[in-house]
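Architecture at a glance
Listed below, chain by chain, are the residues.
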Amino acid sequence: MAALVTDATGTDVCFVHLVDEERGRLTLAGATPPFDELAGTIELAVGEGIAGWVARHGVPAVVDDKWSDTRYKYIPALRGEDFASLVSLPMIRRARRVVGVVNLHSRRPWTCPPEELAVLTDVTGLLAGVVENARLYHRLAAREAELERFASRTIELQELERRRVAAEIHDGISQPLVSLWYRLSAAQAANPEYPEVVASQLTAAQELTTAALEEARRTIVGLRPAVLDDLGLGAGIESLAHSLAAGGVHVQVEVEQCELAPHVETAIFRITQESLQNVAKHAEATHVRVELSTTAGGARLVVADDGAGFDPERIGSERRADSFGLAGIHERAALVGATVRIASRPGEGTTVSVFVPREPRS
Ligand SMILES: Nc1ncnc2c1ncn2[C@@H]1O[C@H](COP(=O)(O)OP(=O)(O)O)[C@@H](O)[C@H]1O
Ligand SMILES: [Mg+2]
């Protein structure tokens, strides 16, 4: 493009500077040879030099004698002494956003005539479109890569979950069943003349059955929250809260009826589950509040405890490979387009808040 523009205008060199809006700076992104080698190495602040002035004001600058122009900034590498005049044009996109600046330099003194300036402004407008499309493309590619990472992470988490369930079935269900078998065998082998021995073995067997059943129920809830299908998210959250309350924590639950997609309900349920498990494991809290509410823009989940708290920055930096709890919360949320905030400080409790926007964000 730079070469095309210089040919068409009879100028000698063309510099293309792009605006980095976040940093408020202009970077030389391309040029006619030999200056193309400097791409990426020259920066100006928006407002600095003639290009910076054009970026700030969004209007062209026609400079026939740059040495008498106070806006001009001499940059040795760009060899300003070799060129007499320049035209600096903004690359403008929608809503008058300046995405870059094109500078055309000529050796001979040159005052760009207005009709030529109008054509050049159209050309730089087109160039602005090209730049914006390229940026959008890069953003899309980055987003796609991120989605891929999510997908593989999800599969990883799934595998981990399966291993956890296998361990749970082994410890929590198979073990009591083995003991149960021994109790029943003992009852069977007992001398019928001592019915109290038989009775005590059967009582033990009954307790083991209850324990195994309870464990199976817990594993099933953990596996696939069937409670969501049967009773809905509200009841699911209540049941999670109940099991925490059984451990002696005072749990206050306020659940509003929310219309959420099934996969979003599952995500919210899992996030609540992990948050409450963390309360049980780490917080030593006396009081926990679980709140699911609808807001104008979507649904909000809050799990707040008054326990020990922690330093999220420290936990984030030393995240262990085997710890998926908080990381899993972030990932589950991201997968359904929700945002998470985990606020905690040692001694001041922990609040996990999740916001699910009603419409999937574009
Ligand atoms: N509610 C909480 N109260 C206090 N500390 C917490 C709480 N939630 C998380 N933490 C801290 O953050 C760490 C990371 O949590 P998590 O990622 O869920 O891993 P895990 O529960 O397996 O340790 C925990 O080890 C704990 O130190
Ligand atoms: Mg955890």
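Residues numbered from 1 in each chain as written. Chains lettered and ligands numbered in written order. Predicted model: local features only at pLDDT ≥ 70, side-chain atom pairs only at ≥ 80, totals over all residues. Heavy atoms only, no water.

Attention shifts here to the sheet that holds strand β3 (residues 43–45). Taken in spatial order, the 6 strands make up an open sheet running β3-β2-β1-β6-β5-β4, and their pairing is antiparallel. Among the strands making up the open sheet, the edge pair consists of β3 and β4 (61–63). For this sheet, the mean angle separating the axes of adjacent strands, direction not counted, is 25 degrees. Where strand β2 (residues 25–31) and β3 come together, 3 bridges link them in antiparallel fashion. Note on β3: the bridge partner recorded for Arg-25 is Ala-45. Together, β1 (13–20), β2, β3, β4, β5 (85–93) and β6 (97–106) form the strand contacts of helix α2 (residues 49–57), whose direction differs from that of β5 by roughly 30 degrees. (Pairing = 2+ DSSP bridges. Helix = DSSP H or I, 4+ residues; strand = E, 2+ residues; numbered from the N terminus. Axes fitted to C-alpha atoms, helices over the stretch in contact; angles between N-to-C directions. Contact = heavy atoms within 4.5 Å.)

Let us now look at the coordination of the magnesium ion (ligand 2). Around the magnesium ion (ligand 2), the protein contributes the donor atoms Glu-274 (OE) and Asn-278 (OD1), which lie 2.1 Å from the metal centre. In this pair, Glu-274 and Asn-278 both sit in helix α7 (residues 262–283), 4 residues apart, roughly one turn of the helix. As far as the burial class goes, Glu-274 and Asn-278 line up, both buried. (Donors = N, O, S within 2.8 Å, 3.2 Å for Na, K, Ca; no water. Buried < 20%, exposed > 50% of the residue type's maximum accessible area, 1.4 Å probe, protein only.)

This next bit is on the packing of aromatic side chains. The final tally for this structure, using the stated rule, is 5 aromatic pairs. A centroid spacing of 6.3 Å and a plane angle of 45 degrees characterise the contact between Trp-67 and Tyr-74, whose relative ring orientation is tilted. Exposure remark for Tyr-74: the relative accessible area of 38% places this residue in the partly exposed category. The rings of Phe-15, Phe-35 and Phe-83 are connected pair by pair, giving a single aromatic cluster. In this structure, Arg-71 is placed above the aromatic ring of Trp-53, and the distance from its NZ or CZ to the ring centre is 4.3 Å. (Phe/Tyr/Trp six-rings, centres within 6.5 Å; stacked < 30°, edge-to-face > 60°. Lys NZ or Arg CZ within 6 Å of the ring centre and 35° of its normal.)

On to the sheet that holds strand β7 (residues 250–255), then. Strand order in the open sheet formed by 5 strands is β7-β8-β9-β11-β10, and the pairing between neighbours is mixed. Of all the strands in the sheet, just β7 and β10 (339–344) have a single pairing partner and so form its edges. Across this sheet, the average inter-strand angle for adjacent strands is 5 degrees, counted without regard to direction. Examined bridge by bridge, β7 and strand β8 (residues 287–294) share 6 bridges and lie parallel to one another. The residue of β8 that forms the bridge with Val-253 is Val-290. Strands in contact with helix α6 (residues 233–245) are β7, β8 and β9 (298–305); relative to β7, the strand with the most contacts, it is inclined by about 175 degrees.

Now for helix α9 (residues 325–335). Of the residues making up α9, those classed as buried are Gly-325, Ala-327, Gly-328, Ile-329, Glu-331 and Ala-333. Lining the buried residues of α9 we find α3 (114–189), α7 and β10. Gly-337 occupies a position one or two residues after α9 and carries a positive phi of about 75 degrees.

Segmenting the protein into domains produces domain 1 (2–112) and domain 2 (232–362). For domain 1 and domain 2, the distance between their C-alpha centroids amounts to 52 Å. (Domains from an automatic or database assignment.)

For the peptide bond that leads from Pro-33 to Pro-34, omega is 5 degrees, which places it in the cis range. Position of Pro-34 relative to the elements: it lies in the loop between β2 and β3. Even without a glycine there, the phi angle at Arg-79 is positive, about 50 degrees. Mapped onto the elements, Arg-79 comes out in the loop between β4 and β5. Even without glycine at this site, Glu-284 takes up a positive phi of about 50 degrees. Within the secondary structure, Glu-284 sits in the loop between α7 and β8.

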